[in-house]
Amino acid sequence: QVQLVESGGGLVQAGGSLRLSCAASGSIFSIIPMAWYRQAPGKQRELVARITSGGGTNYADSVKGRFTISRDNAKNTVYLQMNSLKPEDTAVYYCNAEVAPLVASWGQGTQVTVSS
């Protein structure tokens, strides 16, 4: 299993930036894909960005060009740099580790609130 702890959320004005961090336990971090999801009130959880063990990335259309996912395998940490934030980015952001096919670990979530 992989334990995940997110940090970096908060309140920011529209147009601002935040960087989320997700620290992972366990020795398999470097070989598994990691992702960030978000869930806004009354909406389903959605994929924001994903990064493979080799560094390949993909993004939701709504955040392309504004968000960047990255990972530091030496620190067992994955990041989400969020720029040009919009009120519609307001959500709880969750870190996800694809431990195995159909097996995932989740963090507790961190709140991001963007004011207009």
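Bear in mind that the values here come from a model prediction, so they are computed numbers and not experimental data.

(A) Region of interest: the pairing of strand E1 (residues 4–7). Residues Leu4 and Glu6 point to one face of E1 and are all buried, whereas Val5 and Ser7, pointing to the other face, are not buried. As paired strands, E1 and strand E3 (residues 18–24) are joined by four bridges and run antiparallel to one another. Of the residues in E3, the one forming a bridge with Leu4 is Ala24.

(B) Quick look at the packing of aromatic side chains. For the structure shown, the criterion picks out two aromatic pairs. Here Tyr37 and Trp106 contribute two aromatic rings whose centre-to-centre distance is 4.9 Å and whose plane-to-plane angle is 65°, an arrangement assigned as edge-to-face. With Tyr37 in strand E4 (residues 34–39) and Trp106 in strand E10 (residues 103–106), this residue pair connects regions lying 69 residues apart in the sequence. Plain terms: the ring middles of Tyr94 and Trp106 are 6.5 Å apart, the flat faces sit at 85° to each other, and that makes the pair edge-to-face. Here Tyr94 is found in strand E9 (residues 91–100), whereas its partner Trp106 is found in strand E10, with 12 residues between them in sequence. By relative accessible area, which is 15% here, Tyr94 ends up buried. By way of ring pairs, the aromatic residues Tyr37, Tyr94 and Trp106 are connected into one cluster. A cation sits over an aromatic face here: Arg45 above Trp106, 4.6 Å from the ring centre.

(C) Representation of the state of the cysteines within the structure. All told, the structure shown has one disulfide when counted by the stated rule. Across the disulfide from Cys22 sits Cys95; the S-S distance is 2.1 Å. The S-S bond linking Cys22 to Cys95 shows a torsion near -85°; that makes this disulfide left-handed. Of this pair, Cys22 sits in strand E3 while Cys95 is found in strand E9, placing the two residues 73 residues apart along the sequence. Take Cys22 and Cys95: they sit in the same class, and that class is buried.

(D) Focus on the layout of surface pockets. There is about 190 Å³ of room inside the largest pocket. Together, Arg38, Gln39, Ala40, Lys43, Gln44, Glu46, Ser62, Arg66, Glu88, Asp89, Thr90 and Ala91 line the largest pocket. Class assignment for the residues of the lining of the largest pocket results in two nonpolar, four polar and six charged.

(E) Region of interest: the pattern of salt bridges. Tallied over the full model, the rule gives five salt bridges. Asp89 is the salt-bridge partner of Arg38, the closest N and O atoms lying 2.9 Å from each other. Residue Arg38 is found in strand E4, and its partner Asp89 is found in the loop between strand E8 (77–82) and E9; the two are separated by 51 residues along the sequence. A relative accessible area of 1% places Asp89 in the buried class. Note that Arg66 is salt-bridged to Asp89, the shortest N-O span being 2.8 Å. Pair noted here: Arg66 is in the loop between strand E6 (57–59) and strand E7 (67–72) and Asp89 is in the loop between E8 and E9, with a separation of 23 residues, a long-range link. For the pair Arg66 and Asp89, a shared accessibility class is recorded, and that class is buried. Each member of the salt-bridge network shares a partner with another, and the members are Arg38, Glu46, Arg66 and Asp89.

Reading the values: rules and limits
- What you see as residue numbers is a count from 1 along each chain, following the sequence as written.
- Local features are withheld for residues below a pLDDT of 70 in this predicted model, meaning they are given only at 70 or higher, and side-chain atom pairs are given and counted only at 80 or more; totals for whole chains, interfaces and linings count all residues.
- With hydrogens and water excluded, all non-hydrogen atoms of the structure serve as input to the side-chain values.
- Residue burial is assigned from relative accessible area. The probe radius is 1.4 Å, only protein chains are included, and a residue is buried under 20% of its type maximum, exposed over 50%, and partly exposed in between.
- Here a strand is any run of E in DSSP of at least two residues, a helix any run of H or I of at least four, and the numbering for each starts at the N terminus.
- A pair of strands is considered paired only if DSSP assigns at least 2 bridges between the two.
- For this analysis, a ring pair means two rings from Phe, Tyr or Trp (six-membered ring only for Trp) whose centres lie within 6.5 Å, classed as stacked if their planes differ by under 30 degrees, edge-to-face if by over 60, and tilted for the remaining angles.
- Only Lys NZ and Arg CZ are tested; either one counts as a charge over a ring when it is within 6 Å of the ring centre and within 35 degrees of the ring normal.
- In this description, a disulfide is simply a cysteine sulfur pair whose atoms lie within 2.5 Å.
- Cavity: a set of points on a 1 Å grid over the protein atoms alone where a 1.4 Å probe fits but cannot get out. Pocket: an open set with protein on both sides within 12 Å along at least five of seven lines, its lining residues, like those of a cavity, having an atom within 4 Å of a point.
- Grid points are joined across faces, edges and corners, and a volume is the space filled by probe spheres set on the points.
- For this classification, Asp, Glu, Lys and Arg are treated as charged, while Ala, Val, Leu, Ile, Met, Phe, Trp, Tyr, Cys and Pro are nonpolar and the rest, including Gly, are polar.
- Salt bridges are defined as contacts in which a side-chain nitrogen from Lys or Arg sits within 4 Å of a carboxyl oxygen from Asp or Glu.

Honestly, it's all geometry; don't read function into it.
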